[in-house]
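Below are the chains, spelled out letter by letter.
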Amino acid sequence: MIRAVLYDPSDQRLCEGGVELIDEWERAPASQIWVAIENQPPEAERSLLADRFRIHPLAIADALRERHPPKIEPFRDNTFILLKGLDAESTSIAFGTIQLSLFIGDRFLVSRSSGRSVSTDAVFSELTSGEIAPDISRASLALRLCRTVADRFQPLLLGVETRLDEMEEEMLSRPSDDLLAELVRQKGDLKRILRILQYHAQLFTSARSHTPAQLMDHKHELTDVQEQLDRMLGLARLYYELTDDLMNGYLSLSAHRLNQIMQTLTIVTVVFVPITFMAGIYGMNFEYMPELGFRGAYFVLLSAMLAVVVSVLWVFKRKGWLSLRRRS
């Protein structure tokens, strides 16, 4: 799909259409155009970018790659911005990404996405509905699109905050293997989002210091995008650390519960080993065992066993092991 919006200042007319508007744009030297390309054959995209907008072949090659780190690269007649945005299905921290390429010239903006771009749809709708002034510069429009891409990370991260509170309560009240698996997955997703946001934040920080010609008059908008990315990056770092803390806390609680079980089993073992030994001695079928002839031997042995148990429990109580078990 190829959509286009053409603005002609001579009659202050905003036209929405397709590829046919490029011909009209070429005939009107004062006009400005935004062409949004989505899910087109690579050769058709390559031909459109190279023949109609004179985009550098290296920039086209980067834009058409399935995976490429975000970048901002100035060329003689345009500036190339490559972003990694969220795909249309991303509503939680288990997200997918698309490549979003922007080519910014003095009179044109060409955006190309590897899949449906919610950010492109939103800004396109704002422009055609009149929410954005039709005479906005193509550079301002591109930076507004960059800001929208950054904004889409916010609800995902705020959803993590809500889920972290729920996870902490579950960890204390009803821990499970499913909860630990979710924490592991969430930590991995946050690490991915951290990497993406770090790329973008560094990119726009660098662009503020070495501003391309097409963005020279738009440093405030550049700063706005960079500050939003820094905020998102700070949130992602915070939630990554909190998720890591919850994982460590879960493992510590699991180890503590295992220690409690082992302590209980150890106490039971220590109590029963001596009396089992005594029962084993007098359970042997030897004919000459002097104690077997004593009338009260049975009760003496039971009393000795009880004395051993009471003595062992008293020693554990004295050392505080039984009280520790009760408090936990």
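As the structure is a computational prediction, the values presented were derived from the model and not from experiment.

Per the stated rule, a full pass over the model turns up 20 salt bridges. Its salt-bridge partner being R13, residue E24 comes within 2.7 Å of it at the nearest N-O pair. In this pair, E24 is assigned in helix α1 (residues 20-27) and R13 in strand β2 (residues 13-17), connecting sequence segments eleven residues apart. Measuring nitrogen to oxygen at the nearest pair gives 3.6 Å for the salt bridge that ties R76 to D77. With a relative accessible area of 78%, R76 lands in the exposed category.

This brings us to the pairing of strand β7 (residues 108-113). Consecutive side chains along a regular strand alternate between the two faces of the sheet. β7 sits mainly inside the fold: six of its six residues count as buried. Pairing between strand β3 (residues 32-38) and β7: six bridges, direction parallel. Bridge pairing in β7 links A36 to S111. Note that strand β6 (residues 97-104) and β7 share five bridges and pair antiparallel. In the sheet register, L100 faces β7, and the bridge partner there is S113. Taking the residues that link successive antiparallel strands as the turn, the β6-β7 hairpin has three residues.

This part is about the sheet that holds β6. Overall, mixed pairing links the seven strands, which are arranged β2-β1-β3-β7-β6-β5-β4 in an open sheet. Here the strands that pair on one side only, and so sit at the sheet edges, are β2 and β4 (71-74). On average, adjacent strands in this sheet sit at an angle of 15 degrees to one another, irrespective of strand direction. Note: strand β1 (residues 2-8) against β3, six bridges, orientation antiparallel. Of the residues in β3, the one forming a bridge with I2 is I37.

The computed volume of the largest pocket comes to approximately 220 Å³. If you tally residues by element for the lining of the largest pocket, the top one is helix α7 (residues 177-209), at four residues. Taken together, the residues of the lining of the largest pocket sort by class into four nonpolar, two polar and four charged. Taken as a whole, the second largest pocket spans an internal volume of roughly 190 Å³.

A few words on the packing of aromatic side chains. Applying the stated criterion across every chain yields a total of six aromatic pairs. Centre to centre, the rings of W25 and F108 are 6.0 Å apart; their planes meet at 80 degrees, and the pair counts as edge-to-face. One end of the pair, W25, is in helix α1; the other, F108, is in strand β7, and 83 residues separate them in sequence. Of the two residues, W25 and F108, both sit in the buried class.

It is worth spelling out the pairing of β1 at this point. Counting buried positions over the seven residues of β1 gives six, a clear majority of the element. Bridge analysis of β1 against β2 gives five bridges, and the strand direction is antiparallel. Along β2, the bridge assignment pairs L6 with C15. Taken together, β1 and the strand that follows it, β2, pair antiparallel across an intervening segment of four residues, in which Q12 is found at a positive phi of about 50 degrees.

In this section: the packing of helix α4 (residues 118-129) against helix α5 (residues 138-151). Between α4 and α5, the least distance of the axes is 9 Å, while the angle of their chain directions is 135 degrees. The pairing of α4 with α5 is recorded here as oblique in orientation. When the axes of α4 and α5 are compared, the crossing they make is right-handed. Taking contact as the criterion, the partners of S119, T120, A122, V123, E126 and L127 in α4 are, on α5, L141, R144, L145, T148 and V149. Of the residues belonging to the contact of α4 with α5, the class tally is six nonpolar, three polar and two charged.

Rules used throughout
Residues numbered from 1 in each chain as written. Predicted model: local features only at pLDDT ≥ 70, side-chain atom pairs only at ≥ 80, totals over all residues. Heavy atoms only, no water. Salt bridge = Lys/Arg side-chain N within 4 Å of Asp/Glu carboxyl O. Helix = DSSP H or I, 4+ residues; strand = E, 2+ residues; numbered from the N terminus. Buried < 20%, exposed > 50% of the residue type's maximum accessible area, 1.4 Å probe, protein only. Pairing = 2+ DSSP bridges. Axes fitted to C-alpha atoms, helices over the stretch in contact; angles between N-to-C directions. 1 Å grid on protein atoms, 1.4 Å probe; cavity = no way out; pocket = protein on both sides within 12 Å on 5 of 7 lines; lining within 4 Å. Points joined across faces, edges and corners; volume = space filled by probe spheres on them. Nonpolar A, V, L, I, M, F, W, Y, C, P; charged D, E, K, R; others polar. Phe/Tyr/Trp six-rings, centres within 6.5 Å; stacked < 30°, edge-to-face > 60°. Parallel < 35°, antiparallel > 145°, perpendicular 65-115°, else oblique. Left-handed = near helix turned anticlockwise from the far one by under 90°. Contact = heavy atoms within 4.5 Å.

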